[in-house]
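Coordinates in review
Here's the letter readout for the chains.
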Amino acid sequence: MRKSERHQLVRMMIKEEKLGTQKDIQKRLEDEGIFVTQTTLSRDLREIGLTKLKKDGQVYYVLAHEAEELDLTGFLASHVQAVSRAEFTLVFRTGLGEATVLANVVDGSLDSRILGTVAGANTLLVICRDREAAREIETSVKEGME
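The following paragraphs examine the structure supplied in this document. (Residues numbered from 1 in each chain as written. Predicted model: local features only at pLDDT ≥ 70, side-chain atom pairs only at ≥ 80, totals over all residues. Heavy atoms only, no water.)

Turning to the overall build of the chain, a few remarks are in order. Along its length, the chain carries seven helices and six strands. The linear arrangement of helices and strands in the chain, starting from the amino end, is α-α-α-β-β-α-α-β-β-α-β-β-α. Relative to its length of 146 residues, the chain is compact, with a C-alpha radius of gyration of 16 Å against a globular reference of 15 Å. Reported as C-alpha extents along the three principal axes, the dimensions of the chain are approximately 55 × 30 × 25 Å. The buried share of the chain, reckoned over its 146 residues, is 41%. (Helix = DSSP H or I, 4+ residues; strand = E, 2+ residues; numbered from the N terminus. Rg over C-alpha atoms; globule rule 2.2 N^0.38 Å. Buried < 20%, exposed > 50% of the residue type's maximum accessible area, 1.4 Å probe, protein only.)

What follows is the structure, given as structure tokens:
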């Protein structure tokens, strides 16, 4: 099976089921007769743009663009480890490899308070419209983290 076909199958599984771990996804692929290593699957998930969603006590994968429909600050609060503000910029610390996926969600949110993002492996820089916008987002995210 070609990579693009495998990606499409994973997208379909994620939309139809609440799969919470890479093992769950790997098992579902095996049920379809597709065997991939954990390394390949991890790369696939990153390329597809999956992120984990925490909702109603459940944790499961969703396509990053589907997370856009959620409350942005609540979503960030459930995925970041720390947040700091400098003037009109916010710095979010995340788990390793999560900053890029979160950047996609933030950029896709079209929140008028946010101009754009820059992501590293575990650090997300969010450039806000002004100091007040940065302060609002910082406060909301910190409240959600408590």
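The description of two packed helices rests on the angle between their axes and on the distance between the axes. In contact at an axis separation of 11 Å, helix α1 (residues 3-16) and helix α2 (residues 22-31) are set at 115° when each is read in the N-to-C sense. Judged by the sense of rotation from one axis to the other, the crossing of α1 with α2 is right-handed. Contacts between α1 and α2 pair L9, V10, M13 and I14 from the former with I25, R28 and L29 from the latter. Looking at the contact of α1 with α2, its residues break down into six nonpolar, no polar and one charged. (Axes fitted to C-alpha atoms, helices over the stretch in contact; angles between N-to-C directions. Left-handed = near helix turned anticlockwise from the far one by under 90°. Contact = heavy atoms within 4.5 Å. Nonpolar A, V, L, I, M, F, W, Y, C, P; charged D, E, K, R; others polar.)

The subject of this paragraph is α2. Every α-helix carries 3.6 residues per turn, so stepping three or four residues along brings you back to the same face. Listing the buried residues of α2 in full gives I25, Q26, R28 and L29. Seen from one end, α2 has its buried residues packed into an arc of 160°, which puts them on one side. Looking at the residues trailing α2, positive phi occurs at G33, about 85°. (Arc of directions from axis to C-beta.)

Inspection of every chain in the model, using the stated rule, returns 12 salt bridges. Close ionic contact of R129 with D130 constitutes a salt bridge, the shortest N to O distance being 3.3 Å. We classify R129 as partly exposed; its relative accessible area is 42%. Among the ionic pairs, E138 bridges to K142, the shortest N-O distance being 3.1 Å. Of the two residues, E138 and K142 both sit in helix α7 (residues 131-145), four residues apart, roughly one turn of that helix. Linked by salt bridges that have partners in common, E17, R28 and E32 make up one network. (Salt bridge = Lys/Arg side-chain N within 4 Å of Asp/Glu carboxyl O.)

Now for the side chain of R113. Note that R113 resides in the loop between α6 (99-109) and β5 (114-119). A polar side-chain atom of R113 sits 2.8 Å from a polar atom in the side chain of D111. Within the structure, the side chain of R113 is placed 3.3 Å from the side chain of E136, a separation counted as a polar contact. Dropping the residues within four chain positions of it, R113 is found in contact with T73, C128, R129, A133, E136 and I137. (Polar contact = N/O pair within 3.5 Å; in protein donor to acceptor, adjacent residues only side chain to side chain.)

Next up on the list: the nonpolar core. Residues L90, F92, L124, V126, C128, I137 and V141 are the most contacted members of the largest nonpolar core, which totals 26 residues. Secondary-structure elements contributing two or more residues to this core are β2 (58-63), α5 (72-77), β4 (89-93), α6, β6 (123-128) and α7. Among the elements that line this core, the one with the most residues is α6, at six residues. Look past the residues within four positions of L90 in its chain and what remains in contact with it is V83, S84, R85, L124, L125, V126, C128, A134, I137 and E138. Counting 15 residues, the second largest nonpolar core, distinct from the first, contains L9, M13, I14 and L19. (Core = buried A, V, L, I, M, F, W, Y, C linked by side-chain atoms within 4.5 Å.)

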